[in-house]
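# Summary of the model geometry
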Amino acid sequence: MSIRLYDTATQELRDFVPVTEGKVGIYVCGLTTQGAPHIGHVRFAVAFDILRRWLTIGHGYDVTLIRNVTDIDDKILAKSAESGESWWAWSYANERATSEALGLLGVLPPTYEPRATGHITEMLEIMQTLIDKGHAYAAQDGSGDVYFDVRSYPAYGELTHQRIDDMEAAADADPRGKRDPRDFALWKGHKAGEPETASWPTPFGQGRPGWHLECSAMARKYLGDTFDIHGGGVDLRFPHHENEQAQSRAAGLGFANYWLHNAWVTISGEKMGKSLGNALLVSEVTKVARPLAVRYYLSAAHYRSTIEYHEGSLQEAETAVDRIEGFLRRALGDGSAGDGAKLPAAFVAAMDDDLNVSGALAVIHESVRAGNTALDEGDEEEARLLGRQVVEMTEVLGVNPLGPQWSSTSGNGTDDALTALDAMVMNRIEARAAARAARNFTVADQIRDQLTAAGIAVEDTSSGARWSLARRTDA
């Protein structure tokens, strides 16, 4: 069965058929490096990481994923000026912070991560092609601006299903040199007060690229004239993605065959953002919840559904992760290998249905429940089989608690510490069990209280006591 994806352009589920058999090219709009990333920022990366993993693990595709860095734009220039830093230093610092945040959340590195400033030549080539074809023009006011002529391209608006006359004026440049207020900037002439380093020479004068042109050039450079999937946040559909598609296709390129857009993370119904004062930085959130739980939280909803953050959200994610991890450690010990276990049919069907992660998680948690029951009944073989399947399923979603990203095989000594802690805790649990057997409940309760005070949660089951680390409260 082929995977079906919701194509924003056609507004319908479509069977996925790649341009080249066995290969998939994906372009995802990365972050503009104007500030440190928050969990609303990085949801897109988690969503498309799951898509990439499923195409690779579930269907065996050779996936090339390009995630760009917008390292020059109006906001970067403004923010860096406020800080008193060079724009390129400001941009690079936030680029590094973003890479660290995505790595912390288990997002696989892209095949390549191009910076906009490294692709000026490719941008100028597309811009000149558009001018030659009559779809772009240089402003006549000597500003150095170059605009896309939206009325020269009849299909403008087809991605977002809008009529030109119903659209708002493009706010990306001063309208003084435009033929139509909706024409958008391909190139922005250098202005007084802007850093000289933030401009490049063109036949039209010094300047810098428009945001939309950057992505068209980088997608073409690494994925070709026509590629499979273009992704990004739903807020990028217009004007960014509409303009990308228009300029690329007007230049004679096929561009993206499928468009996928993820929804927002919201707080009290409002999109998370620094301007609203409701942004939760990844660097801060991961101080009160382990990164695996944050990853789980951002993964658990369908990528096209809004995630509403509320008090207790991360605690709920922690509880779900603990449940999975507790079962896997019971069933598999410290072994993390799924040994190529076959994925359950219900899980495969859910993932092939436009990445129905909530349905896939339901299969995972049902397997955990069945596995714990098998262990309680002494059926270790069945429990191990289910454990191997859970490992394979959670690998697809990037939330395998026993995987090297989340466990300690990175060489930081956590494995040795966990082994030592387990020995010490089990000693106290055995002492508690002996006290209970002797009906000395006062001592048994004291031992349990000592463990609780040390951050150890003990659960009594029919097969004996289990322990886990208690989690800190939510952000």
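Read on for a plain summary of the structure. Keep in mind that what you see is a predicted model, and the values were worked out from it rather than measured.

### Considering the overall build of the protein
- Counting its secondary structure elements, the protein contains 14 helices and 15 strands.
- Projected onto the principal axes, the alpha-carbon positions of the protein cover approximately 95 × 50 × 40 Å.
- A burial count over the protein gives 50% of its 475 residues as buried.
- In the protein, 74% of the contacts between residues at least 6 apart in sequence involve partners at least 24 apart.
- Accessible surface, the protein as shown: approximately 21,000 Å² in total, 50% of it carbon and sulfur.
- Separation of charge centres in the protein, based on 46 positive and 67 negative side chains, amounts to 1 Å.

### Details of the sheet that holds strand 13 (residues 307-309)
- One open sheet accounts for three strands, arranged 12-11-13; its pairing is mixed. In the strand order of this sheet, the two ends are held by strand 12 (270-271) and strand 13, each with one partner.
- As defined by bridge partners, strand 11 (residues 265-267) adjoins strand 13 across three bridges and the pair is classed as parallel. Bridge pairing links Thr-266 to Glu-308 in strand 13.

### Considerations on the packing of helix 4 (residues 120-132) against helix 5 (residues 211-223)
- Running from N to C, helix 4 and helix 5 cross one another at 105°; their axes reach a closest spacing of 9 Å. The orientation of helix 4 with respect to helix 5, classified from their angle, is roughly perpendicular. Residues Glu-122, Met-123, Glu-125, Ile-126 and Met-127 of helix 4 lie in contact with helix 5, whose contacting residues are Leu-213, Glu-214, Ser-216, Ala-217, Arg-220 and Lys-221.
- Considering only residue class, the contact of helix 4 with helix 5 consists of five nonpolar, one polar and five charged.

### Some thoughts on helix 3 (residues 87-104)
- Over its 18 residues, helix 3 extends 26 Å from the first C-alpha to the last, a length consistent with the 26 Å expected when each residue adds 1.5 Å.
- Where helix 3 is buried, its residues meet helix 1 (39-58), strand 4 (62-67), helix 2 (74-83) and helix 7 (282-288).
- Just downstream of helix 3, Gly-106 is the residue with a positive phi angle, here 75°.

### Details of the nonpolar core
- Within the largest apolar cluster, 76 residues are counted, with the highest numbers of intra-cluster contacts made by Ile-39, Leu-55, Ile-229, Leu-298 and Phe-347.
- Per-element accounting of this core gives the leading share, eleven residues, to helix 1.
- Excluding its chain neighbours within four sequence positions, the residues that come into contact with Leu-298 are Ile-39, Val-42, Arg-43, Val-46, Leu-105, Val-265 and Ile-307.
- Ranked by size, the runner-up nonpolar core spans 43 residues in total, among them Tyr-27, Cys-29, Leu-77 and Leu-186.

### Focus: empty space enclosed by the protein
- Taken as a whole and assessed by the stated rule, the structure comprises three cavities of 30 Å³ or more.
- Approximately 70 Å³ is the volume found for the largest cavity.
- Together, Gly-30, Leu-31, Thr-33, Phe-44, Arg-67, Asn-68, Val-69, Glu-95, Thr-98, Ser-99, Leu-102 and Glu-113 line the largest cavity.
- With four residues, the top contributor of residues to the lining of the largest cavity is helix 3.
- Looking at the lining of the largest cavity, its residues break down into four nonpolar, five polar and three charged.

### Remarks on the sheet that holds strand 5 (residues 136-138)
- An order of 5-6-7-8 is seen for the four strands of this open sheet, with the pairing classed as antiparallel. Both edges of this open sheet fall to strand 5 and strand 8 (207-209), since each of them pairs with a single strand only. Strand-to-strand twist across the sheet, computed as the mean angle between neighbouring axes with direction ignored, equals 20°.
- Across three bridges, strand 6 (residues 146-148) lies against strand 7 (residues 184-189) in antiparallel orientation.

### Some details on the packing of helix 1 against helix 8 (residues 291-299)
- The interhelical angle for the contact between helix 1 and helix 8, taken along N-to-C directions, is 80°, at an axis separation of 9 Å. With respect to their mutual orientation, helix 1 and helix 8 come out roughly perpendicular. Note on element contacts: helix 8 touches helix 1 through Val-294, Arg-295, Tyr-297, Leu-298 and Ser-299, opposite Ile-39, Val-42, Arg-43, Val-46, Asp-49, Ile-50 and Arg-53.
- Taken together, the residues of the contact of helix 1 with helix 8 sort by class into seven nonpolar, one polar and four charged.

### Topic: the pattern of salt bridges
- Evaluated as defined, the whole model comprises 32 salt bridges.
- Salt bridges sharing common partners tie together Arg-151, Arg-163, Asp-165, Asp-166, Asp-180 and Arg-182.

### Comments concerning the packing of aromatic side chains
- In this structure the tally under the stated criterion is twelve aromatic pairs.
- With a centroid separation of 5.8 Å and 45° between ring planes, the pair formed by Tyr-137 and Tyr-147 is classed as tilted. Taken together, the residues Tyr-137 in strand 5 and Tyr-147 in strand 6 connect sequence positions ten residues apart.
- Classification of Tyr-137 by relative accessible area gives buried; the value is 5%.

### Examining the pairing of strand 1 (residues 4-7)
- Only one face of strand 1 is buried: it carries Leu-5 and Asp-7, and the other face, with Arg-4 and Tyr-6, is open.
- Here four bridges tie strand 1 to strand 2 (residues 12-15), and the two strands are oriented antiparallel to one another. Paired with Tyr-6 across the two strands is Leu-13, which belongs to strand 2.
- Connecting the antiparallel pair strand 1 and strand 2 is a turn made up of four residues, with Gln-11 showing a positive phi of about 60°.

Conventions used here
- Residues numbered from 1 in each chain as written.
- Predicted model: local features only at pLDDT ≥ 70, side-chain atom pairs only at ≥ 80, totals over all residues.
- Heavy atoms only, no water.
- Helix = DSSP H or I, 4+ residues; strand = E, 2+ residues; numbered from the N terminus.
- Buried < 20%, exposed > 50% of the residue type's maximum accessible area, 1.4 Å probe, protein only.
- Contact = heavy atoms within 4.5 Å.
- Areas by Shrake-Rupley, 256 points an atom, 1.4 Å probe, with all protein chains shown as cover.
- Lys, Arg positive; Asp, Glu negative; His and termini not counted.
- Charge placed at Lys NZ, Arg CZ, Asp CG, Glu CD.
- Pairing = 2+ DSSP bridges.
- Axes fitted to C-alpha atoms, helices over the stretch in contact; angles between N-to-C directions.
- Parallel < 35°, antiparallel > 145°, perpendicular 65-115°, else oblique.
- Nonpolar A, V, L, I, M, F, W, Y, C, P; charged D, E, K, R; others polar.
- Expected span 1.5 Å × (residues − 1).
- Core = buried A, V, L, I, M, F, W, Y, C linked by side-chain atoms within 4.5 Å.
- 1 Å grid on protein atoms, 1.4 Å probe; cavity = no way out; pocket = protein on both sides within 12 Å on 5 of 7 lines; lining within 4 Å.
- Points joined across faces, edges and corners; volume = space filled by probe spheres on them.
- Salt bridge = Lys/Arg side-chain N within 4 Å of Asp/Glu carboxyl O.
- Phe/Tyr/Trp six-rings, centres within 6.5 Å; stacked < 30°, edge-to-face > 60°.

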